[in-house]
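What follows is each chain in one-letter form.
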Amino acid sequence: MKKIVFFIVSIVIFSGCASQNLNKPKVECENTASATTCKIQNIKIPSTFLANLICKECETATSTLTLNKNKSFEIETILNKKNVQKILEVGLYSIDGDTVTLINQYREKSKYRFDGVNLIRIESKDIFVKEPIWQKVIYRPLETIN
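Residues numbered from 1 in each chain as written. Predicted model: local features only at pLDDT ≥ 70, side-chain atom pairs only at ≥ 80, totals over all residues. Heavy atoms only, no water.

Colleague: Before we move on, can you summarise the sheet that holds strand β9 (residues 109-114) with the specific residues and values?
Modeller: With antiparallel pairing, 8 strands are arranged side by side around a closed barrel as β4-β5-β6-β7-β8-β9-β10-β11. Pairs of neighbouring strands in the sheet enclose a mean axial angle of 30 degrees, with direction left out of account. By the bridge criterion, 6 bridges tie strand β7 (residues 84-96) to strand β8 (residues 99-104) in an arrangement that is antiparallel. For Gly91, the partnering residue across the bridge sits in β8 and is Asn104. (Pairing = 2+ DSSP bridges. Helix = DSSP H or I, 4+ residues; strand = E, 2+ residues; numbered from the N terminus. Axes fitted to C-alpha atoms, helices over the stretch in contact; angles between N-to-C directions.)

Encoded structure:
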């Protein structure tokens, strides 16, 4: 009797694992008079995200990430210290499942996980800059912040 119950439970568990959708993310595009908008894994492309950064020496620190339709991105970071410092980073991005990979003009790679709404930076030992300002960065869609 125990073997039969174990067998049935095993079949239920393995059939549940086999039924998961392991396909690549579906791309949906909508053409309007003004532009083409695409969605990949619910990320609207083009889309803009905003993150508030942690910076001890700053009054405020914000970063704006824009993903463009042509697979390019732009990150504009503004650090409001004694003087305002503006950092501009540009490059190309790719999306694989729920991971967005950015490669900037210096060929530095950073990865973000898309949780359905936000882009959350994934810590990597390959990151050159190990400053606390770039740890635990969460980019929220600009449309929902207002």
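Colleague: Explain the side chain of Thr99 to me, using residue names and the numbers behind them.
Modeller: As for its position among the elements, Thr99 is in strand β8. Within polar-contact distance, the side chain of Thr99 engages the side chain of Asp98 at 3.4 Å. Aside from chain neighbours lying at most four places away, what touches Thr99 is Ser94, Lys111, Tyr112 and Ile122. (Polar contact = N/O pair within 3.5 Å; in protein donor to acceptor, adjacent residues only side chain to side chain. Contact = heavy atoms within 4.5 Å.)

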